[in-house]
Structures are given as C-alpha cells and as structure tokens.
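Take a look at the letters that make up each chain.
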Amino acid sequence: MVLSSSSARRTEVYRFPVAALILVPLAALILEASVPLYFHAFSMVNLPLLVVIYFALARRSILAGILAGAVMGVAQDSLSQGPIGLFAISNTVIGYLTSLVSSRMEAEAPLIRFLIVFIFYYLHFFCRFAVGVVLAGESMDVSLLQTVIASLVNALGGVVLFFVLDRFRKAA
C-alpha cells in the first residue's frame, strides 16, 4: 500500500539564458548608477536588490541566492560612495533569506511578490543600517516616512520588473 499526500506539490525551478544572467544585473547596476543623476526620485529604487530577490525566488536555491546577493552587492559597493561590503553583506543576507522563503512557498502571485519585496526591503534597510552604523561607524539619516514610501515603490516596481523578467525564464 502506497501512501501519498495530497498536499505534496512540485515547485518549479527556473533557469535563465546566460545572456540574461549577465545583462539583467549589469543593466540594473548601470541604471542604479546613472538614472538618479537626472531623476533624483529614482534614487529610492534599489534595482540591484530587486534583481537579487527575483533570481533567488526563481532559482529556489540557497547557493544561487547567496551568490546572486554577494556578486550584486560587491558590484553595488564598487559603484557607491559608502564603505566596501555594506551592500555585499546586506544583499547576501537578502539572497539567502529569499531563496529560503521561495523553497518553502510558492511566490508566483503578484500580491505575494509585493509582500516579499516590501518585507525584504525593510530587512535590507535594517541590515545596511546595522552594518553601516554599528560596524562601519557611518552616519545614516533615518526617515520612517521615506522608508515606507521607498518600500512601497520598490515593492510595486518589483512586481512590474518580475513580470518583465518572467519572459526570460525557462523551466528547469
């Protein structure tokens, strides 16, 4: 007699073309560094973080999430004026936690994606604050209203960006 669980479900793991794995993070970094020079309001959008969250959600691999976070974080650190390692540590933590969450639950619905980005933006902000202020001695202005607005903008932008990036993925 074979027992099976009706709650057992297969979660999709996705692969991406090598060009997408290179060009999407590169485009996010270029836009992150250049667009706020012309449109200051765009500075609250964290495209590299959104790319880390997306690839960690889609791959559902803890190693892939950590690697995506670390690589994007180091690249983001190299373009920022802050201490080296600030974004690397924060993005690595987010990559790990996102892949951990995606291995436990389905994250295809826009509302779920919105909530994931919203929550992980706050966690990323807290990691940057903790590492920057406590460990690196950097001063940081904290505005609750600006953080709420930025998290909402990033969550909404994440849903739109993830919809676009879904076009590049292929089932593994």
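All of the points below concern the structure found in this document. (Residues numbered from 1 in each chain as written. Predicted model: local features only at pLDDT ≥ 70, side-chain atom pairs only at ≥ 80, totals over all residues. Heavy atoms only, no water.)

1. Overview of the environment of Val153
Thinking step 1. Counting through the fold element by element, Val153 comes out in helix α6 (residues 144-165).
Thinking step 2. As a C-alpha pair, Val153 and Ile116 span 37 residues in sequence and 13 Å in three-dimensional space.
Thinking step 3. If sequence neighbours within four positions are ignored, Val153 has contacts with Met44 and Val45. (Helix = DSSP H or I, 4+ residues; strand = E, 2+ residues; numbered from the N terminus. Contact = heavy atoms within 4.5 Å.)

2. What to know about the packing of aromatic side chains
Thinking step 1. One pass over the structure, following the stated rule, counts 6 aromatic pairs.
Thinking step 2. A ring pair is formed by Phe16 and Phe55, whose centres lie 4.9 Å apart and whose planes are at 85 degrees; its orientation type is edge-to-face. Here Phe16, found in the loop between β1 (14-15) and α1 (18-38), pairs with Phe55, found in helix α2 (residues 47-59); they are 39 residues apart in sequence, far enough to count as distant.
Thinking step 3. What makes Phe55 buried here is its relative accessible area of 9%.
Thinking step 4. One aromatic cluster is present, built from ring pairs that chain together Phe16, Tyr54, Phe55 and Phe162.
Thinking step 5. The side chain of Arg167 reaches across the aromatic face of Phe163, ending 4.3 Å from its centre. (Phe/Tyr/Trp six-rings, centres within 6.5 Å; stacked < 30°, edge-to-face > 60°. Buried < 20%, exposed > 50% of the residue type's maximum accessible area, 1.4 Å probe, protein only. Lys NZ or Arg CZ within 6 Å of the ring centre and 35° of its normal.)

3. Examining the side chain of Gln76
Thinking step 1. Along the chain, the position of Gln76 falls in helix α3 (residues 62-79).
Thinking step 2. Beyond its immediate stretch of four places on either side in the chain, Gln76 contacts Leu29, Glu32, Asn46, Pro48, Phe87 and Asn91.

4. Quick notes on the side chain of Asn91
Thinking step 1. Relative to the elements of secondary structure, Asn91 occurs in helix α4 (residues 86-104).
Thinking step 2. We classify Asn91 as buried; its relative accessible area is 0%.
Thinking step 3. Separated by 2.8 Å, the side chains of Asn91 and His124 make a polar contact.
Thinking step 4. With residues near it in sequence (within four places) discarded, Asn91 still touches Leu49, Val52, Gly69, Met72, Gly73, Gln76 and His124. (Polar contact = N/O pair within 3.5 Å; in protein donor to acceptor, adjacent residues only side chain to side chain.)

5. What about the nonpolar core?
The nonpolar side chains of a soluble globular protein tend to be buried with one another.
Thinking step 1. Counting residues in hydrophobic clusters, the biggest one holds 28 residues, and the most contacted among them are Ile53 and Tyr54.
Thinking step 2. Taken together, the elements giving at least two residues each to this core come down to α1, α2, α5 (110-135) and α6.
Thinking step 3. With 10 residues, the single largest contributor to this core is α2.
Thinking step 4. In this structure Tyr54 touches Phe16, Arg113, Phe162, Leu165, Asp166 and Arg169, once residues within four positions along its chain are discounted. (Core = buried A, V, L, I, M, F, W, Y, C linked by side-chain atoms within 4.5 Å.)

6. Side note on α6
Thinking step 1. Given a rise of 1.5 Å per residue, 22 residues ought to cover 32 Å, and the 30 Å separating the end C-alpha atoms of α6 matches this to within 8%.
Thinking step 2. Three or more residues of α6 are buried, namely Thr147, Ala150, Ser151, Asn154, Ala155, Gly158, Val159, Phe162 and Leu165.
Thinking step 3. Where the residues of α6 are buried, they touch α1, α2 and α5. (Expected span 1.5 Å × (residues − 1).)

7. Focus: unusual backbone geometry
Thinking step 1. Of note in the backbone geometry, Arg60 takes a positive phi value of approximately 55 degrees without being a glycine.
Thinking step 2. Tracing the sequence through the fold places Arg60 in the loop between α2 and α3.

Shape descriptors only; they carry no functional weight alone.
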